[in-house]
Amino acid sequence: MTFIHTINQKVARSVVGRWFRLDGSGHPKERKGSLFFTEIRAGIATFFAMAYILAVNASILSDTGGTCVCPGTADDPICNTDENYLLCVAEVKRDLVTATAAISSIASFCMGLFANLPVGLAPGLGLNAYFAYNVVGFHGSGNTPYSIALTATFVEGFVFFALALFGLRQWLARAIPHSIKLATSVGIGLFLTIIGFTYSEGLGILQGATSTPLVLAGCPQTGFGDDGLCTEATKMRNPAMWVGIFAGGVLTVMLMMYRVKAAIIAGILLVSIISWPRTTALTYFPYTTVGDDAFDFFRKVVDFHRISKILTVQEWNLSQHGAQFGLALITFLYVDILDTTGTLYAMANLANVVDPETGDFEGSTAAYMVDALSISIGSLFGSSPVTAFIESGAGIAEGGRTGITAMTVGVCFFISIFFAPIFASIPPWATGSVLILVGSMMMPAAVNINWRYIGDAVPAFVTIVVMPFTYSIAYGLIAGIILYIIINTLVWLIGLASGGRIVPPNKDEKEPWSWRIPGGAMPPWMMRAARGKRDFWRDDSSASSYAAAEPTLAEVVRGDDKQSSSASIQGKPTDSSTPNEKLA
């Protein structure tokens, strides 16, 4: 332990420690409790919580057929039985495993390096399903060809980059009412929880039904009835579920309770190792066609698959598909901007790097720009839009506070390119309990919501419940924001029409909100450039602190040290500059 403590101290006092604001670095906004080895451990925890995306994203996107051409016959119009087509789809699926690992590595590493946030990025769930089943369609049966959908994704990334560069994404994030932003953290926690309860990415305790939205499940794969639901005799009889609950859940909670380091990683690894032997009742590789294929891939251990069918296949001739391109672009834009904004804010709030004055978080400009460019780069690899992952909460719960955590995630995804058979074989019940555990850690934000005034409370509550029930962060934000606007606009109109005589009795308890957001729509770096400041990428306080230092390229990209959040949270003196003087 002395060795680890010594290394932590040396790294903290180095240029690396100051750049990432590690505890003990001497940076005026150093993040208390952030230690080098803790950040690495947190990154590994986040990676293990995210690793399922390697298999899941490839499985979902390969359903589009990629660039494979379906000849289609009267008996088999979408090539469900065409052997040559299915072999091509299998090759696309292997391409997508490599593509997912590659773009996740690049995006997560850059997020950590330039934005200094402990947030991993990868192709987003929900967006990939919309891309696959609503836009392109199963085996290309939709209205938009795969290559056109990738073109829309590529353009979306650059639209986002422009919005981030000129501060509009940050302005939008700060314009969201405070109670709804707090509700977003809680809603994402419940969203994580319900993911942890499902079969596809969790323990399999719940499943969808028809007579009721959800029913108790927990049966093995052989326990489903003709209606696709677990029979009464097999409910809660799945041994994999119980191993996930006790070895991955209860054990992890006990280890965390006694402050055992790497508790989350230990739980995931233990359940995975238990689930790999084929002779057990809870094996991840049953003796089926799918199980045999997964086990054959797992046995390779080390394998690099070169992308052969989906690399840079964008189609720029939009004459035949202009309407479909426009619809896909607009949908990707509004869903992704709300999804990413909500996730980044929730993760930043969990990591205690949100400025309570402006409602913004440290590194927001760089974070949004990295996210935007990652979307475009991901489309070149053949992937659906990239977004911040809520599973980053697993690493934050492990102690991650800086970009070193995200960079570690990026390194792990790079390694997984060569060890994809191993990392793609982490069973969902190994991470299900972790997602539920992280969800519980996001609940405390609910106590800070303004429940006293119903005009704030009801939109916040709707935001919270819509996210898990619709399986969408974006829909929750849309519902909450629209309801907030309707309720509070009606209150304003009634007050205006009555000359201020008819108002809610406790209107004074309403949280203040104004469209005039601190810093305004114009990003502070642009304001500094307009008044002739040469090092406009650096805020005024940083310029005075490091007057002797030459600006670096990385500082140009990430020069958005704009808030006093760590000062207020960590008990350090706050910055003398105002929010308007800090880069957004």
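Parameters and conventions
- Residues numbered from 1 in each chain as written.
- Predicted model: local features only at pLDDT ≥ 70, side-chain atom pairs only at ≥ 80, totals over all residues.
- Heavy atoms only, no water.
- Salt bridge = Lys/Arg side-chain N within 4 Å of Asp/Glu carboxyl O.
- Helix = DSSP H or I, 4+ residues; strand = E, 2+ residues; numbered from the N terminus.
- Buried < 20%, exposed > 50% of the residue type's maximum accessible area, 1.4 Å probe, protein only.
- Core = buried A, V, L, I, M, F, W, Y, C linked by side-chain atoms within 4.5 Å.
- Contact = heavy atoms within 4.5 Å.
- Disulfide = S-S within 2.5 Å.
- Axes fitted to C-alpha atoms, helices over the stretch in contact; angles between N-to-C directions.
- Parallel < 35°, antiparallel > 145°, perpendicular 65-115°, else oblique.
- Left-handed = near helix turned anticlockwise from the far one by under 90°.
- Nonpolar A, V, L, I, M, F, W, Y, C, P; charged D, E, K, R; others polar.
- Phe/Tyr/Trp six-rings, centres within 6.5 Å; stacked < 30°, edge-to-face > 60°.
- Lys NZ or Arg CZ within 6 Å of the ring centre and 35° of its normal.

1. Considerations on the pattern of salt bridges
Next, step 1: Evaluation of the coordinates by the stated rule reveals nine salt bridges.
Next, step 2: Two residues, Glu-30 and Lys-32, come together in a salt bridge whose shortest N-O distance is 2.9 Å.
Next, step 3: Of the charged contacts in the structure, one is a salt bridge between Arg-41 and Glu-398, with a shortest N-O distance of 3.2 Å. Of the two residues, Arg-41 sits in helix α3 (residues 36–50) while Glu-398 sits in the loop between α15 (392–397) and α16 (403–418), which places them 357 residues apart along the sequence.
Next, step 4: Since its relative accessible area comes to 9%, Glu-398 is described here as buried.
Next, step 5: Here the salt bridges do not stand alone but share partners, grouping Arg-21, Arg-31 and Glu-362 into one network.

2. As for the nonpolar core
Next, step 1: If you look at the biggest cluster of nonpolar residues, it comprises 120 residues, and the most contacted ones within it are Met-111, Leu-117, Phe-131, Tyr-146, Leu-344 and Phe-361.
Next, step 2: Excluding residues that lie within four positions of it along the chain, Leu-344 makes contacts with Met-111, Val-119, Phe-361, Ala-367, Tyr-368 and Ala-388.

3. Quick look at the state of the cysteines
Next, step 1: Throughout the structure, instances matching the rule amount to three disulfides.
Next, step 2: A disulfide bridge connects Cys-68 with Cys-88, and the sulfur atoms are separated by 1.9 Å. In this structure the cystine formed by Cys-68 and Cys-88 twists about its S-S bond by roughly -90 degrees; its chirality is therefore left-handed. With Cys-68 in the loop between α4 (52–62) and α5 (83–115) and Cys-88 in helix α5, this pair connects stretches of sequence that are 20 residues apart. Accessibility assignment for this pair places Cys-68 and Cys-88 in one class, buried.
Next, step 3: At a sulfur-sulfur separation of 2.0 Å, the disulfide partner of Cys-219 is Cys-230. Between Cys-219 and Cys-230, the S-S dihedral sits near -70 degrees, and the bridge is therefore left-handed. Of this pair, Cys-219 sits in the loop between β3 (214–216) and α10 (239–257) while Cys-230 sits in the loop between β3 and α10, and the two are eleven residues apart along the sequence.
Next, step 4: A relative accessible area of 0% places Cys-219 in the buried class.

4. Things to note about the packing of helix α7 (residues 146–165) against helix α14 (residues 364–380)
Next, step 1: α14 packs onto α7 with a crossing angle of 165 degrees between their chain directions and a minimal axis gap of 8 Å. When the axis of α7 is compared with that of α14, the two are roughly antiparallel. Considering only the axes of α7 and α14, their crossing is left-handed. Across the interface between the two elements, Leu-150, Thr-153, Phe-154, Glu-156, Gly-157, Phe-158, Phe-160, Phe-161, Ala-164 and Leu-165 from α7 touch Thr-365, Tyr-368, Met-369, Ala-372, Leu-373, Ile-375, Ser-376, Ser-379 and Leu-380 from α14.
Next, step 2: Among the residues making up the contact of α7 with α14, the classes are represented as 13 nonpolar, five polar and one charged.

5. A few points about the packing of aromatic side chains
Two descriptors summarise a pair of aromatic rings, namely the distance from one centre to the other and the angle between the planes of the rings.
Next, step 1: Throughout the structure, instances matching the rule amount to 17 aromatic pairs.
Next, step 2: Ring plane angle 25 degrees and centroid distance 6.1 Å describe the contact between Trp-242 and Phe-246, whose orientation is recorded as stacked. Placement of both Trp-242 and Phe-246 in helix α10 is noted, with a separation of four residues, approximately one turn of the helix.
Next, step 3: Take Phe-246: its relative accessible area is 48%, and that puts it in the partly exposed class.
Next, step 4: Members of the aromatic cluster, each reached through a chain of ring pairs, are Trp-276, Tyr-284, Phe-285, Phe-295, Phe-298 and Trp-429.
Next, step 5: Above the face of the Tyr-287 ring, Arg-278 is positioned so that its terminal group lies 4.2 Å from the ring centre.

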